[in-house]
Structure formats: C-alpha cells, structure tokens
Amino acid sequence: MITRATREDREAILAVATETGIFTSTEIACVDELLQAYLTQPDHGGYDFLVYRNGEGTLGFACFGPHPLTQGTFDLYWICTARAMQGQGVGSALLSRVEEEVQARGGRLLLVETSSTPAYAPARRFYESHGFRYESVVHDFYAQGDDLLIYAKRLDGALGSLRHSIPCSAH
C-alpha cells in the first residue's frame, strides 16, 4: 500500500535509505532534511513523500516536488527500495504513484538527476525502462569522475525531444 509519509515513517525511511548501501551519510542527512521540511512546514517545504508499506513494514519511499520557476515541471528527488525488495515492483509502484500525483497537479514533465558512477547503473536502467530519456550531462559535478546525468519523462503525451526548451540564467 502506498500512502503519504507521516512522522511515524521517519526512522523507517532513513533505515531504507541507509541499508541500500549506496547513499553516503551526507545524502542520508539530505533525505532527513527534506523529510523534516515535509513534516513540519505548512507547505511541506515544497516536497512530498510517499511510502510503500506492507504488513512487514516500509519497503520503499519516494520524494518529489515542483521544480521552482517552471510551469508543470516536477523533480523526483529520491526513490528508494529496500535492498531485499529491489526488482520486486516496489520502485515501479512508487514511480507510477508519483506520476499520477504529478499529473493530478498539472505536471507535464518529471526530471531525475543521478550519478554516472557504476553504483548508480541499476538506477539509470530503472529510469530508462520506465520511459525516462537521458537528456544531459554535467561532467565532474558530484566529484572528479562523477558526472550529473539528467533524465526526463513527458507526462502529457507530447512527442519529440525535450532539448528544445529555452535556457534561462535565472534557473
């Protein structure tokens, strides 16, 4: 069952992020920071958290929100599945729900930023298998040899490349 995260989900969300073995302590602290904003700020800090639960506990979570200064563009900040449940449909179910929520808010474009390192290859395959297109790279973004890769998925059914948007230095 997928529901909105509550205060009671904090420890389970952080445990799922930690036990994957992929995220650094700084990245896990970032998850906690976004979760705290979601739980404490009147506008949820611009973030939404969903959790995937079954009778055994929390099996995954997703964090997403509108991209500032855009119309209908959303960011998928985190999607994480418990290690034992990877490849079992938890991530796919969470992503499907995120897409539904984004579309319900008038969203037309969902962006994902990820790392180019081998540890993130399964994540990249996941996004590509769910209709995301690789759009751009920023070399050495996270660290020397660790590029930022940006993926995008149109949710409004429009065809064609996403590469024709007009850049704005204010973003």
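Residues numbered from 1 in each chain as written. Predicted model: local features only at pLDDT ≥ 70, side-chain atom pairs only at ≥ 80, totals over all residues. Heavy atoms only, no water.

Overview of the layout of surface pockets
Each pocket or cavity is described by its volume, and for the largest pocket that value is around 1,000 Å³. Lining the largest pocket are 37 residues, with Phe-23, Ile-79, Thr-114, Tyr-120 and Tyr-127 positioned closest to its centre. Of all the secondary-structure elements, those providing two or more residues to the lining of the largest pocket are helix H2 (25-40), strand S4 (73-81), helix H3 (90-104), strand S5 (109-115) and helix H4 (121-129). Looking at the lining of the largest pocket element by element, the count peaks at seven residues for S4. Residues of the lining of the largest pocket, tallied by class, amount to 20 nonpolar, 13 polar and four charged. (1 Å grid on protein atoms, 1.4 Å probe; cavity = no way out; pocket = protein on both sides within 12 Å on 5 of 7 lines; lining within 4 Å. Points joined across faces, edges and corners; volume = space filled by probe spheres on them. Helix = DSSP H or I, 4+ residues; strand = E, 2+ residues; numbered from the N terminus. Nonpolar A, V, L, I, M, F, W, Y, C, P; charged D, E, K, R; others polar.)

Here's the deal with the pattern of salt bridges
For the structure shown, the criterion picks out 11 salt bridges. When the shortest N-O distance is used, the salt bridge between Glu-135 and Arg-133 registers 3.6 Å. Of the residues examined, Glu-135 reaches a relative accessible area of 12% and is grouped as buried. The network of salt bridges with shared partners includes Arg-4, Asp-48, Arg-97, Glu-101 and Arg-105. (Salt bridge = Lys/Arg side-chain N within 4 Å of Asp/Glu carboxyl O. Buried < 20%, exposed > 50% of the residue type's maximum accessible area, 1.4 Å probe, protein only.)

A closer look at the nonpolar core
Counting 21 residues, the largest nonpolar core has Ile-13, Phe-23, Val-31, Tyr-38, Phe-49, Phe-61 and Trp-78 as its most contacted members. If you tally residues by element for this core, the top one is H2, at seven residues. If near-sequence neighbours (up to four positions away) are discounted, Phe-23 is found in contact with Ala-17, Ile-28, Trp-78, Cys-80 and Tyr-120. In this structure, Phe-74, Leu-76, Leu-110 and Leu-149 belong to the second largest nonpolar core, which totals 20 residues. (Core = buried A, V, L, I, M, F, W, Y, C linked by side-chain atoms within 4.5 Å. Contact = heavy atoms within 4.5 Å.)

Some details on the sheet that holds strand S1 (residues 2-4)
Pairing in this open sheet of seven strands is mixed, and the strands run S1-S2-S3-S4-S5-S7-S6 from one edge to the other. Where the open sheet ends on each side, the last strands, each with one partner, are S1 and strand S6 (133-143). On average, each strand axis in the sheet is inclined to that of its neighbour by 30 degrees, with strand direction left out of account. Inspection of the sheet shows S4 paired to S5 by four bridges, in the parallel sense. In the strand pairing of S5, Thr-73 is matched with Leu-109. (Pairing = 2+ DSSP bridges. Axes fitted to C-alpha atoms, helices over the stretch in contact; angles between N-to-C directions.)

Overview of the environment of Gly-55
In this structure, Gly-55 sits in the loop between strand S2 (48-54) and strand S3 (57-66). Sequence-wise, Gly-55 and Met-1 are 54 residues apart; in three dimensions their C-alpha atoms are separated by 9.3 Å.

So, unusual backbone geometry
Backbone geometry places His-44, a non-glycine residue, at a positive phi of 65 degrees. When you line up the elements, His-44 lands in the loop between H2 and S2. Among the residues examined, His-44 registers a relative accessible area of 34% and is labelled partly exposed. Despite not being glycine, Asp-140 has its phi angle at roughly 55 degrees, a positive value.

A closer look at the confidence of the model for the protein
With 92% of its residues at a pLDDT of 70 or more, the protein has an overall mean of 91. The low-confidence segment residues 160-171 (pLDDT under 50) makes 15 contacts with residues lying over four places distant or belonging to another chain. (pLDDT = per-residue confidence, 0-100.)

Quick look at the packing of helix H1 (residues 10-19) against H2
Remark: H1 packs on H2, axes separated minimally by 10 Å, with the N-to-C direction vectors making an angle of 155 degrees. Considering the angle they form, H1 stands roughly antiparallel to H2. For the element pair H1 and H2, the recorded crossing hand is right-handed. Here Arg-10, Ile-13, Leu-14, Ala-17 and Thr-18 of H1 come into contact with H2, specifically with Ile-28, Val-31, Asp-32, Leu-35 and Gln-36. Class assignment for the residues of the contact of H1 with H2 results in six nonpolar, two polar and two charged. (Parallel < 35°, antiparallel > 145°, perpendicular 65-115°, else oblique. Left-handed = near helix turned anticlockwise from the far one by under 90°.)

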